[in-house]
Amino acid sequence: MYFLRAERFVFSIICALFAVDLVLVAVKGVGLDVAGYSLSLVIGGGLLLLGHIYRSKKREERMAAALISASLFILFSICGSVFNYMFLPIQYPTIDHALIHIDGVIGYDWRSAVELVAHVPLIGRALFIVYTTSLPQLLLTIIILGFSGDYRRLQHFLLTGVLGALAGIIFWIFFPSYGPSAYQDLPEWVLETIPLAVTPYYGKELIQLGGEGPTYLSPASVLGLIAFPSFHIFMAAMSVWFVPRYRFLVAVSIAINLTMIPAVLVQGGHHLCDIVGGMLAFAFICPSARWLLDRMEADGHESARPSPGVETQTPN
């Protein structure tokens, strides 16, 4: 197998995380859903192998680029989530109360925001749908960039996502937060009126998990640990920034991801500060990833991938 340099970099991170995960799981004695994780790894690994077959045998770089990038995102998500869990129980005090105080100074209160939305159930259901589009948007972006032959933009996209997730995990290890839903209750009528992706029950489960640590891990029951900075907002910014510059796609992406802001607040049970944190994280990570990609290409004398229709490539 051979990779473009950004792909190789991400694959190296995945291999390192996988090795560290195995060691930490063994040391901590955490049970694993072997069948569940094996299936996830087979899916990711299968897409990776298929991508390399297209690249090396059929010379169909567009399909190869999309398949390889999608597979790397899947494999990184699996290894990254286990890695995050291995730092439970938390070793440092949470920053939630400071964030709640800052939100209060600004005038934002999560419970009040959810109750307000619950008075118009249609809005609550719409925000729930928008909230669930984050990952599909990223996968769609990968497919469009790959099949349009915009390989350099795709590599930048890949690096940005992986570095952003890693930065979020590392920050959370030292400054953990669960979001306001873990500390505030909602009236029963609200829970019966609109669907919520993150409820106070979910928040209480996060607090318990953070205090006790996991005893068993399964991809079917992994919880989203990180509140600040919001990775949903980070992904929304990625979707807008990297969507191909077609007017229709840009307009749709902007509309969906502007709506993602209230969706993350209400449905994701986030602090208002989490939104700002996600935006600031993207503003730092995205240009950093581009700088890293420039250095990779300069060091390896690798130019951008061929334009659409040109099937030549330089193995790395």
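Before reading on, note that the structure itself is shown above.
Residues numbered from 1 in each chain as written. Predicted model: local features only at pLDDT ≥ 70, side-chain atom pairs only at ≥ 80, totals over all residues. Heavy atoms only, no water.

(A) A look at the overall build of the protein. If you tally the helices and strands in the protein, you get 13 helices and 2 strands. Relative to a compact globule of 316 residues, whose C-alpha radius of gyration would be 20 Å, the protein shows 20 Å and is just as compact. Over its C-alpha atoms, taken along the principal directions, the protein stretches across nearly 60 × 50 × 30 Å. Taking all 316 residues of the protein together, 49% fall into the buried category. Pairs at least 24 apart in sequence give 83% of the contacts found in the protein among residues at least 6 apart. Surface summary for the protein: the accessible area is close to 14800 Å², and the carbon and sulfur share equals 70%. (Helix = DSSP H or I, 4+ residues; strand = E, 2+ residues; numbered from the N terminus. Rg over C-alpha atoms; globule rule 2.2 N^0.38 Å. Buried < 20%, exposed > 50% of the residue type's maximum accessible area, 1.4 Å probe, protein only. Contact = heavy atoms within 4.5 Å. Areas by Shrake-Rupley, 256 points an atom, 1.4 Å probe, with all protein chains shown as cover.)

(B) Structural view of the pattern of salt bridges. Scanning the model with the defined rule gives 6 salt bridges in all. Here Glu61 makes a salt bridge to Arg55, at a shortest N to O gap of 2.8 Å. The exposure class assigned to Glu61 is buried, which follows from its relative accessible area of 3%. Note on Arg55: relative accessible area 1%, which makes it buried. What emerges from the salt-bridge pattern is a single network uniting Glu7, Arg55 and Glu61. (Salt bridge = Lys/Arg side-chain N within 4 Å of Asp/Glu carboxyl O.)

(C) Geometry of the side chain of Ser71. The topology assignment puts Ser71 in helix H3 (residues 61-85). Judged by its relative accessible area of 0%, Ser71 falls in the buried class. A distance of 2.7 Å separates a polar side-chain atom of Ser71 from the backbone oxygen of Ile68. Among residues more than four places away in sequence, those in contact with Ser71 are Gly44, Leu47 and Leu48. (Polar contact = N/O pair within 3.5 Å; in protein donor to acceptor, adjacent residues only side chain to side chain.)

(D) Highlighting a nonpolar patch on the surface. On the surface, a cluster of nonpolar side chains totalling about 460 Å² of accessible area is made up of Tyr92, Ile170, Phe171, Phe174 and Phe175. Along the chain, the position of Tyr92 falls in the loop between H3 and helix H4 (96-106). In this structure Tyr92 comes out as partly exposed when scored by relative accessible area, which is 37%. (Patch = residues over 30% accessible without salt bridge, like charges linked within 9 Å, V, L, I, M, F, W, Y side chains within 5 Å.)

(E) Broad picture of the environment of Arg111. Position of Arg111 among the secondary structure elements: in helix H5 (residues 110-118). Here the alpha-carbon distance between Arg111 and Glu192, two residues 81 residues apart in the chain, equals 15 Å. Ignoring any residue separated from it by four or fewer positions in sequence, one finds Arg111 in contact with Gln184, Asp185, Leu186 and Pro187.

(F) Here's a closer look at unusual backbone geometry. At the junction of Leu88 and Pro89, the peptide bond is cis and its omega measures out at 0° in the coordinates. The omega torsion across Phe228 and Pro229 is -10°, close enough to zero to call that bond cis. Looking at where Pro229 falls in the secondary structure, it is placed in the loop between strand E2 (216-217) and helix H11 (231-242).

(G) Structural context of the packing of aromatic side chains. Here the structure, examined in full by the defined rule, presents 10 aromatic pairs. Here the aromatic rings of Tyr92 and Phe174 are separated by 5.4 Å at their centres, their planes lie at 50°, and the arrangement is tilted. Of the two residues, Tyr92 sits in the loop between H3 and H4 while Phe174 sits in helix H8 (residues 151-174), which places them 82 residues apart along the sequence. Following the ring pairs from residue to residue traces out a cluster consisting of Phe231, Phe234, Trp241 and Phe282. (Phe/Tyr/Trp six-rings, centres within 6.5 Å; stacked < 30°, edge-to-face > 60°.)

(H) Molecular detail of the state of the cysteines. Inspection of the entire model under this criterion finds 0 disulfides. Cys15 takes part in no disulfide bond, and the closest cysteine sulfur to it belongs to Cys79, at a distance of 8.2 Å. (Disulfide = S-S within 2.5 Å.)

(I) Quick peek at the nonpolar core. Core analysis: the biggest nonpolar cluster contains 40 residues, and Phe76, Phe157 and Met238 have the highest contact counts within it. Top element by residues in this core is H8. It accounts for 11 residues. Ignoring sequence-local partners within four residues, the contact set of Phe157 consists of Phe73, Leu138, Thr141, Ile142, Leu145, Met238 and Phe242. Among the nonpolar cores identified, the runner-up in size contains 23 residues, and Ala118, Val130, Val190 and Ile275 belong to it. (Core = buried A, V, L, I, M, F, W, Y, C linked by side-chain atoms within 4.5 Å.)

By themselves, these figures tell us nothing about what the structure is for.
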